[in-house]
Amino acid sequence: MRPSFYMRLINGPFEDPCLFVSFAFEKRAFLFDLGDLQKLSAKDLLKVSHIFVSHTHIDHFIGFDRLLRIVLGRNKTIKLFGPPGFIANVEGKLNSYTWNLIKDHSLVLDVLEIHPTVIKNRVFCCEKGLLPGIDRPSAPFNWEIVKAPRFSIFTDFLDHKIPSLGFRMEERFHVNMLKEKMDALGLTPGPWINRFKQALFEKQDPNTPFFVTDQQHFPLGELAEKIAIISPGQKIAYITDVIYNDETRERMIKLAKGVNVLFIESAFCHEDQSMAARKYHLTTVQAGNIAREAGVDSMQVFHFSTRYMHAGHMLYKEAKDAFKGLGNDQ
Ligand SMILES: [Zn+2]
Ligand SMILES: [Zn+2]
């Protein structure tokens, strides 16, 4: 099965975190956290449409300036999601520059600040001089923060002495095209494939005629049966900067339940678990246990404390052993 999206942590485990998720066959990508973005090319940054920030400690938000610098002159709308205080954090960044010559630019930053019961929204438009932002009506928060035809994004509040948001991204289902069956019908790959998938995700009536070209059309349902296999969609979760306790454990397991890949911090080694708790972070073993209990297919740990700079392999091993159910409890 060809995946619908590809994920990669763009930095090493001791650097400031950022997860880049790019869609296959589309110039579109998401970022989870805005740590150090230097390793992302301008081409990749220009694909970004949605950004999900766990919290605004400097190691998770310092990349905002690089992003802004790259997208500034572009005709783009970027949605940014973050925890309470996020609108003021973005505004503070924007306030640190002078914006008198940007009114012919068309960049829009649509900032959504997530609270336990409500999502606040402020929009910053270059056309309006970027500052001040324009408030939009708030919306209720019910853990699903993006609902698109193809996928949803969910978030929950984790405890890092401040709220830190954990995220789950879930493709509704996966459409795999059968090349040989397409050949048999004389259909050549092209932009129609995305239209075709979109029609399936939108659950259009199976009897609707689907136009592959102006001349060639089939009932949508019939075509789907002939040239596509529908299977469960991809799922990932991103969890960082959180203390381990009964409540956060339950929330983390819910976010990560059954995902294909769980990206989870493991800042400290097992032996240093009391320090991890003092600093509101996870240990390797806690991360591995969460992954195992959530039944994930695979786990990638990241965001190691620099105190282990020369012992990264030990942290990977502890987390992996816990994920496999070997070794320490808790
Ligand atoms: Zn933090
Ligand atoms: Zn951090």
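Now for a description of the structure that goes with this document. Nothing here was measured: the structure is a model prediction, and the numbers come from that model.

Description of the overall build of the chain
A count of helical and extended segments in the chain gives 11 helices and 18 strands. For 330 residues, the compact-globule estimate of 2.2 N^0.38 gives 20 Å, and the chain sits close to it at 22 Å. Projecting the C-alpha coordinates of the chain onto the three principal axes gives extents of approximately 70 × 55 × 35 Å. In the chain, the share of contacts with a sequence separation of at least 24, taken over all contacts with a separation of at least 6, comes to 63%. Here the chain has roughly 15,600 Å² of accessible surface; of this, 52% comes from carbon and sulfur atoms. The chain carries 41 positive and 38 negative side-chain charges, and their two centres are separated by 4 Å.

Considering unusual backbone geometry
Here the amide bond leading from Leu 131 into Pro 132 is cis, since omega sits at -5°, within 30 degrees of zero. As for its position among the elements, Pro 132 is in the loop between β7 (118-125) and β8 (134-140). Residue Lys 161 is not a glycine yet carries a positive backbone phi of 70°. Note on placement: Lys 161 falls in the loop between β10 (151-159) and β11 (163-171). Here Lys 203, not a glycine, exhibits a phi torsion of approximately 55°, which is positive. Here Lys 203 shows up in the loop between α6 (192-201) and β13 (209-211). Residue classification places Lys 203 among the exposed positions, given a relative accessible area of 63%.

Topic: the coordination of the zinc ion (ligand 1)
Coordination sphere of the zinc ion (ligand 1), protein contribution only: His 55 (NE2), His 57 (ND1), His 160 (NE2) and Asp 241 (OD), at 2.2 to 2.3 Å. Between the zinc ion (ligand 1) and the zinc ion (ligand 2), a spacing of 3.5 Å is present, and a bridge between the two is formed by Asp 241. Linking His 57 in the loop between β4 (48-52) and α2 (58-61) with Asp 241 in the loop between β16 (235-239) and α8 (246-256), this pair joins segments that are 184 residues apart in sequence. Taking relative accessible area as the criterion, His 57 reaches 34% and is therefore assigned partly exposed.

A look at the sheet that holds β7
Neighbouring strands of a sheet are bound in pairs by backbone hydrogen bonds; such pairs are parallel or else antiparallel. Here we have eight strands laid out as an open sheet, ordered β1-β2-β3-β4-β5-β6-β7-β8, and mixed in their pairing. Strands at the two margins of the open sheet, each flanked by one partner only, are β1 (5-9) and β8. Going across the sheet, the axis of each strand differs from the next one's by a mean of 20°, ignoring polarity. Relative to strand β6 (residues 108-114), strand β5 (residues 77-82) runs parallel, the two being bridged by six bridges. The partner of Thr 77 across the bridge, within β6, is Val 108. Strands β5, β6 and β7 of the sheet are contacted by helix α4 (residues 86-95), whose axis makes an angle of about 145° with β6.

Re the coordination of the zinc ion (ligand 2)
At this site the zinc ion (ligand 2) is bound by Asp 59 (OD), His 60 (NE2), Asp 241 (OD) and His 303 (NE2), with donor distances of 2.1 to 2.4 Å. Look at where the donors of the zinc ion (ligand 2) fall in the sequence and you get D-H-x180-D-x61-H.

Overview of the pattern of salt bridges
This model, assessed by the stated rule, comprises 17 salt bridges. Here Glu 91 ties to Arg 122 by a salt bridge, and the two come within 3.1 Å at their closest N and O atoms. Residue Glu 91 is found in helix α4, and its partner Arg 122 is found in strand β7; the two are separated by 31 residues along the sequence. The shortest N-O distance in the salt bridge between Arg 251 and Asp 156 comes to 3.0 Å. Placement of the pair is Arg 251 in helix α8 and Asp 156 in strand β10, with a sequence separation of 95 residues. We classify Asp 156 as buried; its relative accessible area is 11%. Each of Arg 8, Asp 44 and Lys 47 takes part in salt bridges that share partners, so that together they form one network.

What counts and what doesn't
- Residues numbered from 1 in each chain as written.
- Chains lettered and ligands numbered in written order.
- Predicted model: local features only at pLDDT ≥ 70, side-chain atom pairs only at ≥ 80, totals over all residues.
- Heavy atoms only, no water.
- Helix = DSSP H or I, 4+ residues; strand = E, 2+ residues; numbered from the N terminus.
- Rg over C-alpha atoms; globule rule 2.2 N^0.38 Å.
- Contact = heavy atoms within 4.5 Å.
- Areas by Shrake-Rupley, 256 points an atom, 1.4 Å probe, with all protein chains shown as cover.
- Lys, Arg positive; Asp, Glu negative; His and termini not counted.
- Charge placed at Lys NZ, Arg CZ, Asp CG, Glu CD.
- Buried < 20%, exposed > 50% of the residue type's maximum accessible area, 1.4 Å probe, protein only.
- Donors = N, O, S within 2.8 Å, 3.2 Å for Na, K, Ca; no water.
- Pairing = 2+ DSSP bridges.
- Axes fitted to C-alpha atoms, helices over the stretch in contact; angles between N-to-C directions.
- Salt bridge = Lys/Arg side-chain N within 4 Å of Asp/Glu carboxyl O.

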